[in-house]
Amino acid sequence: MRMGPATVGRGSCRGPAYHRDVRRERWRTHTRDIWIGGHSQRISQTSVRSCHGGKWKLRQSHRNVRGAARFRSPRDSTGFKPPPLVAMISLPVPTTSARSTFLRCAANTTNGDLGHRLEQSAKHVMLAAKTYLKASNSKTWNSLPHSIQTLPATDDELRALYPRTMSALGRAGRPVYDAIFNSAPNGVCPLCGQGKVFTLDHYLPRSVYAHFAILPINLVPSCRDCNFAKRERHPSNPGDQTFHPYFDNVQGDRWLFCDVIVTGGVSLRYYVDPPNGWTKVQAQRVARHFEVFRLAESFTTYAANELSSLKARLRILFGRGGEKMVADDLGLEATSSRQANLNSWKTAAYEALSQSKVFCGGGFEQIAM
Ligand SMILES: [Zn+2]
């Protein structure tokens, strides 16, 4: 068996304050294709890095090839229990004042002329912040103007406020950054429901909307993958808008499902199917969110790991009570998972598996090991 080298993402340490305030270790899971025995195989790999003397060092790396042992969080042994994986998590709206944040950051410069022009721009930026809030109530962020003309400060100067005065350690806006960063329950990315929060994502990108660069309600905790997947995307119409964790709550309605495919193996295909009561725009938005953050891909990987751990158990159940006992067992798991979250990959997987006569009737034997 030939396997590729174990590689993990690289990153430089963000300094002692970051670790003191947030955490001393970072873990992430990602998928990639490797060659095993002459065939391409998709794996998920989890790495854990700790900070030592200002440098990130790899502490643990778990590779999970489909068919290998069930994926387990590297923190299981230390008591950390991963939260249920949900497709989208709502967060409380940040209560930090947009005005005080802007003024504090604007004053954080030794350039008197720049500071003065930023201060002169404050009232216009605050007016724009009000329109953002209004658009949030109607879910029409796409209608917001890309720029405020005739401001004393330029778009580049407004845009630079974020790295210069907010995300950088020790700067005036850093407490606001930290508060938003830490607002995600258990440090889980609200956009995908599975990655660890790594940065703040501008819901409306600062490259396009410079005047919202340090607006607290435009900043969302995000994992690295989601932040990278979204990049500079910005909505051009209402249906093009991904979910906004502060203003959308889609956890109460069922919209995530999957199909079971049993042919020369078992695989799951995830898709979204919004409930009848949703508007056309809501349906478009859930599909957009699913696509932008590549949820089908990551959910399929998690489900594949889950499947590989099921085969032995289902074989025993089938021997005892046939198809019905297998279906009942999977159905019970689906019910339990549904209570935790309607739209988790797990709920969709167990529900579909329990309803598949082919799978429960012996198709589970085709699960790759
Ligand atoms: Zn994410």
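1. Observations regarding the overall build of the chain
Phase 1: Summing up its helical and strand segments, the chain has 10 helices and 7 strands in all.
Phase 2: Across the 369 residues that make up the chain, the buried fraction comes to 36%.
Phase 3: Within the chain, residue pairs in contact and separated by at least 24 positions form 68% of the contacts whose partners lie at least 6 positions apart.

2. Points about unusual backbone geometry
Negative phi values dominate among residues other than glycine, just as trans dominates among peptide bonds.
Phase 1: Positioned with a positive phi, Asn186 is a non-glycine residue whose angle comes to about 60 degrees.
Phase 2: With respect to the secondary-structure elements, Asn186 resides in the loop between α5 (174-181) and β4 (199-202).
Phase 3: Of the residues examined, Asn186 has 12 C-beta atoms within 10 Å and is grouped as exposed.
Phase 4: Although it is not a glycine, Arg231 adopts a positive phi angle of roughly 45 degrees.
Phase 5: Turning to its location among the elements, Arg231 is positioned in the loop between α6 (224-230) and β6 (256-262).

3. Thoughts on helix α7 (residues 280-292)
Phase 1: Taking 1.5 Å per residue, 13 residues should reach 18 Å; α7 reaches 18 Å between its end C-alpha atoms and fits that length.
Phase 2: Along α7, the residues that are buried comprise Gln282, Arg285, Val286, His289 and Phe290. Down the axis, α7 shows its buried residues gathered within 135 degrees of arc, on one side only.
Phase 3: Buried residues along α7 sit in contact with β7 (266-272) and α8 (295-340).
Phase 4: Of the residues one or two after α7, Arg294 is the one with positive phi, at around 50 degrees.

4. Some thoughts on the packing of α8 against helix α9 (residues 345-355)
Phase 1: Relative to each other, α8 and α9 sit at 30 degrees, their axes nearing to 8 Å. As judged from the angle between their axes, α8 and α9 are roughly parallel. α8 and α9 meet at a crossing whose hand is right-handed. For the pair α8 and α9, the contacting residues are Phe299, Tyr302, Ala303, Glu306, Ala327, Leu330, Gly331, Glu333, Ala334, Ser337 and Arg338 in the first and Trp345, Lys346, Thr347, Ala349, Tyr350, Glu351, Leu353 and Ser354 in the second.
Phase 2: Residues belonging to the contact of α8 with α9 are distributed by class as follows: 10 nonpolar, 4 polar and 5 charged.

5. Remarks on the packing of helix α2 (residues 98-106) against helix α3 (residues 112-138)
Each pair of packed helices can be summarised by the angle the axes make with each other and by the distance between the axes.
Phase 1: Running from N to C, α2 and α3 point in directions that differ by 160 degrees, and their axes come no closer than 9 Å. By the angle between their axes, α2 is roughly antiparallel relative to α3. Helix-helix and strand crossings are classified by hand; for α2 and α3 the assignment is right-handed. From α2, Ala98, Arg99, Phe102, Leu103 and Ala106 reach across to α3, where they touch Gly115, Leu118, Glu119, Ala122, Val125, Met126 and Ala129.
Phase 2: Tallied by class, the residues present in the contact of α2 with α3 amount to 9 nonpolar, 1 polar and 2 charged.

6. Quick look at the nonpolar core
The tendency in soluble globular proteins is for nonpolar side chains to be buried as a group.
Phase 1: Cys189, Ile214, Ala303 and Ala349 are the most contacted members of the largest nonpolar core, which has 77 residues in total.
Phase 2: Built from parts of two domains, this core gets at least three residues from each of domain 2 (98-240) and domain 3 (256-366).
Phase 3: Residues within four places of Ala349 in sequence aside, it is in contact with Cys258, Leu268, Ala303 and Glu306.

7. Focus: the environment of Cys192
Phase 1: Along the chain, Cys192 turns up in the loop between α5 and β4.
Phase 2: The exposure class assigned to Cys192 is buried, which follows from the 23 C-beta atoms found within 10 Å.
Phase 3: Excluding residues within four positions of it along the chain, Cys192 makes contact with Cys223, Cys226, Phe293, Leu295 and Ser298.

8. Structural notes on the confidence of the model for the chain
Phase 1: Put simply, the chain has an average pLDDT of 80, and 76% of its residues get 70 or more.
Phase 2: When pLDDT is averaged over each element of the chain, strand β5 (residues 219-222) comes out on top at 97 and helix α1 (residues 16-21) at the bottom at 34.
Phase 3: Below pLDDT 50 for its whole length, residues 1-48 participates in 87 contacts with residues either more than four positions away or in separate chains.

9. Focus on the pairing of β6
Phase 1: Both β6 and β7 contribute to a ladder of 7 bridges, which runs antiparallel. Residue pairing across strands places Val262 opposite Val266, the latter belonging to β7.
Phase 2: Between the antiparallel neighbours β6 and β7 lie 3 residues, among them Gly264 with a positive phi of about 60 degrees.

10. Some words on the environment of Pro238
Phase 1: Summarising the element assignment, Pro238 is placed in the loop between α6 and β6.
Phase 2: Separated by 99 residues in the primary sequence, Pro238 and Lys139 have C-alpha atoms spaced 7.4 Å apart.
Phase 3: Setting aside its immediate chain neighbours within four residues, Pro238 contacts Lys139, Thr140, Asn142 and Val281.

Definitions and limits used
Residues numbered from 1 in each chain as written. Predicted model: local features only at pLDDT ≥ 70, side-chain atom pairs only at ≥ 80, totals over all residues. Helix = DSSP H or I, 4+ residues; strand = E, 2+ residues; numbered from the N terminus. Buried ≥ 20, exposed ≤ 12 C-beta atoms within 10 Å, placed from the backbone. Contact = placed C-beta atoms within 7 Å. Expected span 1.5 Å × (residues − 1). Arc of directions from axis to C-beta. Axes fitted to C-alpha atoms, helices over the stretch in contact; angles between N-to-C directions. Parallel < 35°, antiparallel > 145°, perpendicular 65-115°, else oblique. Left-handed = near helix turned anticlockwise from the far one by under 90°. Nonpolar A, V, L, I, M, F, W, Y, C, P; charged D, E, K, R; others polar. Core = buried A, V, L, I, M, F, W, Y, C linked by C-beta atoms within 7 Å. Domains from an automatic or database assignment. pLDDT = per-residue confidence, 0-100. Pairing = 2+ DSSP bridges.

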